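What follows is the residue order along each chain.
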Amino acid sequence: MFVIIKGAGDIASGIALRLRHAGFDIVMTDIERPTAIRRTVCFSQAIVNGFAVVEDVRARRAESAKDALDIIKDGEIAVLADERAECVGELKPDALVDAILAKKNLGTKITDAPVVIGVGPGFTAGEDCHAVVETQRGHYLGRVILEGRAAENTGVPGNIGGYTVERIIRAVKDGIFTPVCSIGDVVEAGQTVGYVDGEPVKCLIGGVLRGILPENTPVYKGMKSGDVDPRCELAHCFTVSDKALAVGGGVLEAVLRLSKGEKDNGKQR
């Protein structure tokens, strides 16, 4: 079965990992200059570096839809710099997963593929997709929604090690971000981890730097630029998160259920 995933950030990569382990052929799309924070677990890095390895799965950058098909024949994930996912019309996947996580639908339609899955808020099952998968941490994380919507975005990151908003490193102004720390570094509260046009960007808590933007990334004031994990487990920097795996499991369930003919004019029987 062939699936296209829109987005190649950390949640989308967790989805891809689960689907690939289940034997699906995967093509992913992202922007030409990805802004993923957790770059060590993002297949979007294939666009930047030509290839990416997340845990035990390898991806390669594809230069065209035809190139993508050749890559998946080799048993790897293909990643296209295709911001509008124009390859969907050419490749005609069995399923389409919108995992851009824009908190709104940027153009996905229920007619884009036989099975269309929306990930997180911004989608309505039965209207613009066949199913929605919950992304909010808590009791319903990873659940498949066949009628209605996921929980609305609260703007508050999930609680990890007792911290929520404090975990996030944000740009202090518009400009160009330059990191001075690397993913996997142990940092202290108040430490400078980067600069925006010479102005220091500091972390609010101590822990291990689980993610940070690459050098020369254009940012706007308040943009998420890094992520500190207070549990200070280095292995967490290089493995897919519990949240990404839970969401990936929900997508896998939704694709399998819906591909078995449980759809009826876009609504669950």
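Above this note sits the structure.
It should be emphasised that the depicted structure is a prediction, and the values quoted were computed from it without experimental measurement.

Engineer: Looking at this structure, I do not really get the environment of glycine 211. What am I missing?
Structural biologist: Along the chain, glycine 211 falls in strand β17 (residues 207-212). Taking relative accessible area as the criterion, glycine 211 reaches 0% and is therefore assigned buried.

Engineer: How do you make sense of the environment of valine 144 when you look at a structure like this?
Structural biologist: Along the polypeptide, valine 144 turns up in strand β10 (residues 144-145). Considered as a pair, valine 144 and isoleucine 100 are 44 residues apart in the sequence and their alpha carbons are 17 Å apart.

Engineer: When you look at the pairing of strand β19 (residues 224-229) in this model, what are you seeing that I'm missing?
Structural biologist: Within β19, 5 of the 6 residues are buried, leaving the element largely enclosed by the surrounding structure. For strand β12 (residues 168-170) and β19, the ladder comprises 3 bridges, and the chain directions are antiparallel. Paired with isoleucine 168 across the strands is aspartate 227, a residue of β19. Strand direction decides the pairing type here: β17 and β19, joined by 4 bridges, are antiparallel. Its bridge partner lying in β19, isoleucine 212 is registered against glycine 226.

Engineer: Would you explain the environment of glycine 120 in this entry?
Structural biologist: Take glycine 120: it is sitting in the loop between β7 (115-119) and β8 (124-125). Residues glycine 120 and isoleucine 100, spaced 20 residues apart in sequence, show a C-alpha to C-alpha distance of 9.1 Å. Among residues more than four places away in sequence, those in contact with glycine 120 are Val132, Val133, Thr135 and Ala150.

What counts, and where the lines are drawn
- Residues numbered from 1 in each chain as written.
- Predicted model: local features only at pLDDT ≥ 70, side-chain atom pairs only at ≥ 80, totals over all residues.
- Heavy atoms only, no water.
- Helix = DSSP H or I, 4+ residues; strand = E, 2+ residues; numbered from the N terminus.
- Buried < 20%, exposed > 50% of the residue type's maximum accessible area, 1.4 Å probe, protein only.
- Pairing = 2+ DSSP bridges.
- Contact = heavy atoms within 4.5 Å.

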